[in-house]
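# Overview (structure and organization)
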Amino acid sequence: MAALFFDIDDTLLSGLTGKVPESALEGIRKVKENGHQVFINTGRTNCSIPPMIRNLDMDGFMCGCGTYLIYDGEVLFESHIPQEIGDSYIDLMKEYHIDGFVEGTEDIYFSERVSSCEPIESTRRYMASMGLGRETYMEQKGFSFDKMLIQINKKDQRCRYQEFFASIEDEMDIIDRQGGMYEIVQTGYSKATAIEFMKKHLGLTMDEIYVFGDSSNDLSMFEYAKHAIALERHDPVLDPYTEFVTDTVENDGVYKAMQHYGLV
């Protein structure tokens with residue numbers, strides 16, 4: 001048995017079309033018919049997995065960069081930032097003029113202030129279309145969350161992001177997503193730890209693990225796995241750990257990789 005772990009955005013789900021290609025859906029069906037298992041392994045927290053991905057015939061969902069793991073409909077593992085510590089991070093974001101939002105298992109929490117960073121406001125609109133980020137502003141606190149995403153404007157002299165990073169670096173890992181975007185995850189958790197958990201749970205060997213991704217937040221699972229497949233459009237940081245570069249999402253890249261490895 002093999003286990004395939006997929007990033008969502010620009011790996012399974014095209015950022016150009018907003019759809020999962022029919023070839024990828026067919027590949028997932030054939031892989032499962034051949035006795036293999038398939039997993040989502042995403043930086044998104046559980047609440048923000050798109051319905052079209054949620055409705056795929058997946059064996060499990062690894063969410064929030066390894067902080068929330070679901071297998072066969074059962075939550076196997078979860079780790080949340082304690083509320084008091086999370087509240088302190090929100091205070092620090094305000095103190096150091098950091099634009100961003102925090103991501104929980106149940107909801108996404110944005111600032112009550114409109115951000116000057118368009119990527120943050122674009123994400124706010126996207127999450128609102130999924131019914132998220134509407135109920136509680138992060139300044140209201142009183143909730144727990146799993147990770148953060150911030151957008152730094154390095155030209156804004158009020159933004160003291162280096163001090164912010166220094167204040168949280170003992171408890172949180174900071175992933176540079178390029179262009180001033182940083183994904184901030186609980187230390188000790190990653191897409192790689194999610195796979196390691198499932199490896200032990202299912203009794204897999206390293207040779208039975210295949211990972212598919214495109215961005216810098218896939219780096220940990222590319223470093224971890226022997227069989228690391230990058231989509232044609234991918235962050236060069238993955239190159240040293242990539243075993244196979246497939247075609248683009250839209251040009252049947254996932255299915256072609258499955259064919260390359262004899263999984264379909």
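Coordinates for the structure precede this section.
Rules behind the numbers
Residues numbered from 1 in each chain as written. Predicted model: local features only at pLDDT ≥ 70, side-chain atom pairs only at ≥ 80, totals over all residues. Heavy atoms only, no water. Helix = DSSP H or I, 4+ residues; strand = E, 2+ residues; numbered from the N terminus. Pairing = 2+ DSSP bridges. Contact = heavy atoms within 4.5 Å. Axes fitted to C-alpha atoms, helices over the stretch in contact; angles between N-to-C directions. Expected span 1.5 Å × (residues − 1). Buried < 20%, exposed > 50% of the residue type's maximum accessible area, 1.4 Å probe, protein only. Arc of directions from axis to C-beta. Core = buried A, V, L, I, M, F, W, Y, C linked by side-chain atoms within 4.5 Å.

What follows concerns unusual backbone geometry. Not every positive phi belongs to a glycine, and Asp 72 is a case in point at roughly 55°. Position of Asp 72 among the secondary structure elements: in the loop between β4 (68-71) and β5 (74-78). The phi angle at His 97 is positive, at roughly 55°, despite the residue not being glycine. Within the secondary structure, His 97 is located in the loop between α3 (83-95) and β6 (99-103).

Ordered in space as β7-β6-β8-β10-β9, the five strands form an open sheet in which the pairing is antiparallel. For this open sheet the edge positions go to β7 (108-109) and β9 (172-178), each flanked by a neighbour on one side alone. Where β9 lies against strand β10 (residues 181-186), six bridges are found, and the strand directions are antiparallel. The partner of Met 172 across the bridge, within β10, is Gln 186. Against the sheet, α3 contacts β6, β8 (147-151) and β9, and its axis sits at roughly 170° relative to β6.

Here we come to helix α1 (residues 22-33). When the terminal C-alpha atoms of α1 are compared, their 17 Å separation across twelve residues agrees well with the 16 Å that a helix rising 1.5 Å per residue should span. By the burial criterion, the buried members of α1 are Ser 23, Ala 24, Gly 27, Ile 28 and Val 31. Looking straight down α1, one finds its buried side chains confined to an arc of 140°; they lie on one side. With respect to the buried face of α1, the exposed residues turned more than 90 degrees away are Glu 22 and Glu 33.

Assignment of secondary structure puts Ala 257 in helix α8 (residues 253-260). Take Ala 257: its relative accessible area is 0%, and that puts it in the buried class. With 27 residues separating them in the primary sequence, Ala 257 and Ala 230 have C-alpha atoms 9.3 Å apart. Once residues lying within four places of it in the same chain are set aside, the contact partners of Ala 257 are Phe 212, Ile 229, Phe 244 and Thr 246.

Here eight strands make up an open sheet; going across it, the order is β5-β4-β3-β2-β1-β11-β12-β13 and the pairing mixed. Edge positions in the open sheet fall to β5 and β13 (244-245), since each of these has one partner strand only. Relative to strand β3 (residues 60-63), strand β2 (residues 37-41) runs parallel, the two being bridged by three bridges. The partner of Ile 40 across the bridge, within β3, is Phe 61. Across the sheet, α8 touches β1 (3-6), β11 (209-213), β12 (227-230) and β13, and the angle it forms with β1 is around 155°.

This paragraph deals with the nonpolar core. Within the largest apolar cluster, 29 residues are counted, with the highest numbers of intra-cluster contacts made by Leu 4, Phe 6, Leu 12, Ile 53 and Met 58. When contributions to this core are tallied by element, the ones reaching two or more residues are β1, α1, β2, β3, β4, β11 and α8. Not counting residues up to four positions away in its chain, the partners in contact with Leu 12 are Phe 6, Asp 7, Lys 19, Val 20, Pro 21, Ala 24, Ile 28, Ile 40, Leu 56, Met 58, Val 249 and Val 254. Formed by 23 residues, the second largest nonpolar core is a distinct cluster that contains Tyr 89, Phe 143, Ile 152 and Tyr 161.

With that out of the way, let us pick up the environment of Phe 164. Note that Phe 164 resides in helix α5 (residues 161-168). On the basis of relative accessible area, Phe 164 is assigned to the buried category, the value being 0%. Sequence separation of Phe 164 and Leu 92 is 72 residues, and the distance between their C-alpha atoms is 6.8 Å. In this structure Phe 164 touches Tyr 89, Leu 92, Met 93, Tyr 96, Ile 98, Ile 150 and Ile 184, once residues within four positions along its chain are discounted.

Honestly, that's just the spatial picture; any functional story needs more than this.
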